[in-house]
2 protein chains.
Amino acid sequence: MGARGPAGGASTPACAAKEGASRFQPAREPAARTYARALPVVPVRARGLTIEGADGRRYLDCVSGSGTLVLGHNHPVVLEAIRRVLDSGAPLHVTDLTTPVEDAFVTELLRTLPPGLAHHARVRFCGPTGTDPVDTAVALVRAATGRTRVIAAADAHPSVLDDREPGQAPPAGLILEAVRSAAGVLPTPDARVRRLRALTTERAVLLVADETETGVGRTGAYWAFEHSGVTPDVLVLSKAIGGSLPLAAVVHRDGLDGLDDPHAGEPGAGAFRGNQLALAAGAATLAHVREHRLAAHAAALGHRMLTRLRSLAEEFACVGEVRGRGLMAGIELVAPDGTSDTPARGARPGTSAGLAAAVRRECLRRGLIVDTTGPRANVVRLLPPLIVTEEQMSAVLDRLADAVQAVDRRPADPAASPGERIPR
Amino acid sequence: MGARGPAGGASTPACAAKEGASRFQPAREPAARTYARALPVVPVRARGLTIEGADGRRYLDCVSGSGTLVLGHNHPVVLEAIRRVLDSGAPLHVTDLTTPVEDAFVTELLRTLPPGLAHHARVRFCGPTGTDPVDTAVALVRAATGRTRVIAAADAHPSVLDDREPGQAPPAGLILEAVRSAAGVLPTPDARVRRLRALTTERAVLLVADETETGVGRTGAYWAFEHSGVTPDVLVLSKAIGGSLPLAAVVHRDGLDGLDDPHAGEPGAGAFRGNQLALAAGAATLAHVREHRLAAHAAALGHRMLTRLRSLAEEFACVGEVRGRGLMAGIELVAPDGTSDTPARGARPGTSAGLAAAVRRECLRRGLIVDTTGPRANVVRLLPPLIVTEEQMSAVLDRLADAVQAVDRRPADPAASPGERIPR
């Protein structure tokens with residue numbers, strides 16, 4: 001994608017192109033149709049796991065806004081929270097001022113954190129647009145340590161935390177995603193997390209847990225770092241914490257050198273506060289997941305999901321590794337003849353983006369929305385909302401198994417236009 | 001500010017620190033009070049220009065969410081648009097799918113653009129968090145030109161567009177803010193804008209108009225680039241386009257090499273769509289400003305505002321340069337004895353952040369919220385919403401003049417705690 005390549009790294013702009021509306025360009029198809037070709041669903045209504053398209057068809061949505069919608073679409077507690085703010089006459093947007101709505105969010109957020117972190121936590125809101133919470137966390141650990149190097153746990157052999165060259169300082173921080181969603185749903189073993197926590201503590205390196213994709217019950221614990229029992233120094237939060245609306249924050253323990261500047265949030269310093277509707281929807285979501293023990297529900301149904309998906313790997317040659325934790329699953333697709341259509345860097349031998357795309361399309365034909373991920377889009381990902389029922393989960397898995405079977409029977413045809421295969 | 005220093009540049013995280021809620025730390029004051037010390041307003045209700053604090057006091061808000069709220073707080077058309085989406089059952093968040101709500105936004109956005117751009121426009125939504133539309137625009141112009149250097153018009157002597165070293169390629173793009181808000185409200189003369197457009201066209205450099213702060217009528221034209229009659233190649237849009245909610249987009253003309261990849265918005269490519277409530281609130285805002293000719297209203301009232309503010313510069317020694325366009329004004333504060341309390345890089349001799357902060361506090365005592373800006377926070381900024389009436393404008397200017405008079409009479413005392421001066 002032309003617009004993404006040159007920037008590179010964590011700040012790569014993630015944008016979606018859209019052609020001008022048809023009134024100006026009658027020779028082109030309407031804007032909505034442009035995307036209909038890629039994924040022929042124009043959602044007009046949605047509730048829970050279900051999306052209803054403009055064509056009247058219904059779909060089970062296991063993309064969930066890339067994991068954002070832990071309570072599914074339009075959950076009543078979310079809608080009620082948003083309406084309550086609207087009806088109260090509260091300001092929807094304030095740049096520099098704290099509000100009762102924000103206060104309620106912070107109170108609820110701290111309730112969900114382990115006491116060791118909650119008792120010493122500070123919360124920094126990011127955005128509303130233009131600031132990546134990971135960038136904020138990087139800046140925080142640099143300021144706190146006076147060092148500049150920040151490394152991703154995924155790239156970190158434990159030895160990187162040791163002095164390899166005499167005199168070389170340890171990194172400022174280590175960023176850890178307990179389950180690396182975009183890398184193809186790769187869980188980090190708990191033992192490795194504990195080892196990294198021990199090493200970072202020993203070397204005074206700050207441990208940053210990126211819970212953007214894994215937080216708020218998704219992996220079967222409220223926060224994914226809880227599986228291993230460690231306490232990070234910094235948390236990166238986004239997606240689910242906004243309860244369907246955009247919200248991002250960084251939580252860090254107090255006492256980090258250089259970060260307790262009382263003027264950090266003072267007006268004129270470029271400070272932003274969270275969006276009020278997102279804070280309200282987010283607080284309602286955090287509370288609902290906690291009160292209804294949806295993390296435990298995610299663990300139970302997630303276990304069932306992964307067990308069934310692993311049986312597909314035994315049944316079908318095109319299914320490679322199945323990975324995940326809780327309601328976060330990745331199914332690697334491999335070309336049965338062992339040759340890959342994506343031999344580039346980052347892809348395992350034999351993995352197939354073409355087959356993953358074919359499974360996605362076959363799922364869509366069967367009323368199931370999934371996406372693909374991984375370094376070469378060779379992994380089909382399932383992120384059902386935490387409110388998924390046993391019955392819905394069965395329907396999801398049946399449709400997926402059927403789609404995999406359809407793909408397994410014929411050779412991959414990555415060049416085919418998906419639009420042509422969709423029944424009208 | 002510790003968290004901001006190390007990152008530097010355009011991607012500096014702009015976050016606000018917040019202490020843990022009081023239940024966990026009874027020894028500390030409640031979170032809301034932490035900020036009350038910096039700006040003692042806890043807004044509980046807001047409408048139009050007016051914010052009502054938790055203490056029952058009313059304020060005229062001329063910060064407007066750093067210019068975001070062109071229709072003021074909780075405008076009926078914005079609330080109605082949000083409620084219409086909620087009531088329709090439409091999904092609030094979709095990652096990869098276009099929706100009728102998004103389509104309506106794009107249609108309305110194109111209506112506001114000059115035909116030369118609208119007829120060939122593509123719209124890319126950014127975010128919802130973590131992507132800065134300026135970063136997106138930079139990536140776009142790099143991809144389109146195959147060159148990497150992108151310069152800000154503010155730093156650009158026209159000669160930078162010429163070959164200064166044999167063989168050196170021209171930059172990929174030139175980013176122009178018609179009025180540089182954060183730099184201290186510095187308008188770019190129209191003649192300079194036209195000259196830069198001519199030079200960029202001649203050298204095949206893409207002209208990026210950053211309308212984040214200036215768009216949607218703020219400067220007295222619908223888009224600030226229209227004052228000079230030029231047509232940029234790329235527009236950076238944020239703030240006002242979301243109608244109180246976070247939304248950012250980049251618009252570019254089609255036909256830029258390398259940018260017409262039909263798969264750019266395909267699922268799995270990391271694409272994001274705009275937040276639905278923000279798209280609905282934004283479309284309603286764009287339409288209301290257009291239909292009610294609020295840009296012309298902003299031009300008329302802005303002229304009156306700047307005229308009155310310039311009279312303050314003649315009346316009071318502490319008022320330096322008054323700058324602005326439309327409903328965007330900056331009042332530079334200078335120490336009467338000619339010595340600056342902020343002699344650092346970027347500040348003009350004699351400018352005074354202490355006096356600017358004092359004016360802000362005196363305004364607050366009189367029920368007027370303004371902020372400070374500029375490289376050393378030495379400029380008081382006024383960004384009233386476009387729906388401001390003649391009568392409200394008079395009240396704003398009276399309170400401001402009174403505040404300036406109070407500050408002019410006594411020496412600056414930047415160390416004093418603002419909280420102490422606020423009557424309870």
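Worth saying up front: this structure is predicted, and the values here are computed from it rather than measured. (Residues numbered from 1 in each chain as written. Chains lettered and ligands numbered in written order. Predicted model: local features only at pLDDT ≥ 70, side-chain atom pairs only at ≥ 80, totals over all residues.)

Right, let's get into the domain arrangement of chain A. All names here are of chain A. For chain A, the assigned domains are domain 1 (40-69 + 294-421) and domain 2 (76-291). Each side of the interface is counted separately: domain 1 has 23 residues, and domain 2 has 19 residues. Looking at the side of domain 1 that touches domain 2 residue by residue, the classes come out as eleven nonpolar, eight polar and four charged. (Domains from an automatic or database assignment. Contact = placed C-beta atoms within 7 Å. Nonpolar A, V, L, I, M, F, W, Y, C, P; charged D, E, K, R; others polar.)

All names here are of chain B. The four strands are arranged β13-β14-β17-β16 in an open sheet whose pairing can be described as antiparallel. Two strands bound the open sheet, and with one partner strand each, they are β13 (319-324) and β16 (371-373). Geometrically, the sheet is characterised by an average inter-axis angle of 30 degrees between neighbouring strands, direction not taken into account. (Pairing = 2+ DSSP bridges. Helix = DSSP H or I, 4+ residues; strand = E, 2+ residues; numbered from the N terminus. Axes fitted to C-alpha atoms, helices over the stretch in contact; angles between N-to-C directions.)

For A:Val185, which is not a glycine, the phi torsion comes out positive at approximately 60 degrees. Checked against the element boundaries, A:Val185 lands in the loop between β7 (179-180) and β8 (186-187). Look at B:Ala204: it is not a glycine, yet its phi comes out positive at around 60 degrees. Structurally, B:Ala204 is set in the loop between α7 (190-202) and β10 (206-210). With 12 C-beta atoms packed within 10 Å, B:Ala204 lands in the exposed category. (Buried ≥ 20, exposed ≤ 12 C-beta atoms within 10 Å, placed from the backbone.)

Turning to the sheet that holds strand β5 (residues 121-126) of chain B, a few remarks are in order. Residues and elements named next belong to chain B. The strand order across the open sheet formed by six strands is β5-β12-β11-β10-β7-β6, and the pairing between neighbours is mixed. What marks the edges here is a single partner per strand, and that holds for β5 and β6 (150-152). When the angles between neighbouring strand axes are averaged without regard to direction, this sheet yields 20 degrees. Where β10 and strand β11 (residues 234-237) come together, three bridges link them in parallel fashion. Opposite Asp 210, over in β11, you have Val 236 as the bridge partner.

Turning our eyes to something else, we now look at helix α10 (residues 353-365) of chain A. Three or four residues apart is the spacing at which side chains of an α-helix point the same way, because the helix has 3.6 residues per turn. All names here are of chain A. For α10, with 13 residues, the first-to-last C-alpha span of 18 Å sits near the 18 Å given by 1.5 Å per residue. Burial analysis of α10 places twelve of its 13 residues in the buried class, the great majority of the element. Along α10, the positions that sit buried rather than exposed are Ala 353, Gly 354, Leu 355, Ala 356, Ala 357, Ala 358, Val 359, Arg 360, Arg 361, Glu 362, Cys 363 and Leu 364. Positive phi appears at Gly 367, one or two residues downstream of α10, with a value of about 80 degrees. (Expected span 1.5 Å × (residues − 1).)

A separate point is the packing of helix α10 (residues 353-365) of chain B against helix α11 (residues 390-408) of chain B. Residues and elements named next belong to chain B. At a minimum axis distance of 8 Å, the contact between α10 and α11 shows a crossing angle of 130 degrees. With respect to their mutual orientation, α10 and α11 come out oblique. The two elements α10 and α11 cross, and the hand of that crossing is right-handed. Residue-level inspection shows Leu 355, Ala 358, Val 359, Glu 362 and Cys 363 of α10 in contact with α11, the latter providing Arg 399, Leu 400, Ala 403, Val 404, Ala 406 and Val 407. Looking at the contact of α10 with α11 residue by residue, the class counts come to nine nonpolar, no polar and two charged. (Parallel < 35°, antiparallel > 145°, perpendicular 65-115°, else oblique. Left-handed = near helix turned anticlockwise from the far one by under 90°.)

Let's shift gears to the pairing of strand β12 (residues 319-324) of chain A. Residues and elements named next belong to chain A. Burial of β12 is extensive: five of the six residues sit out of reach of the surface. Here β12 runs beside strand β13 (residues 329-333); their pairing, made up of four bridges, is antiparallel. Bridging from a neighbouring strand, Val 319 pairs with Leu 333 of β13. The turn linking β12 back onto β13 is made up of four residues, and Gly 326 within it adopts a positive phi angle of 60 degrees.

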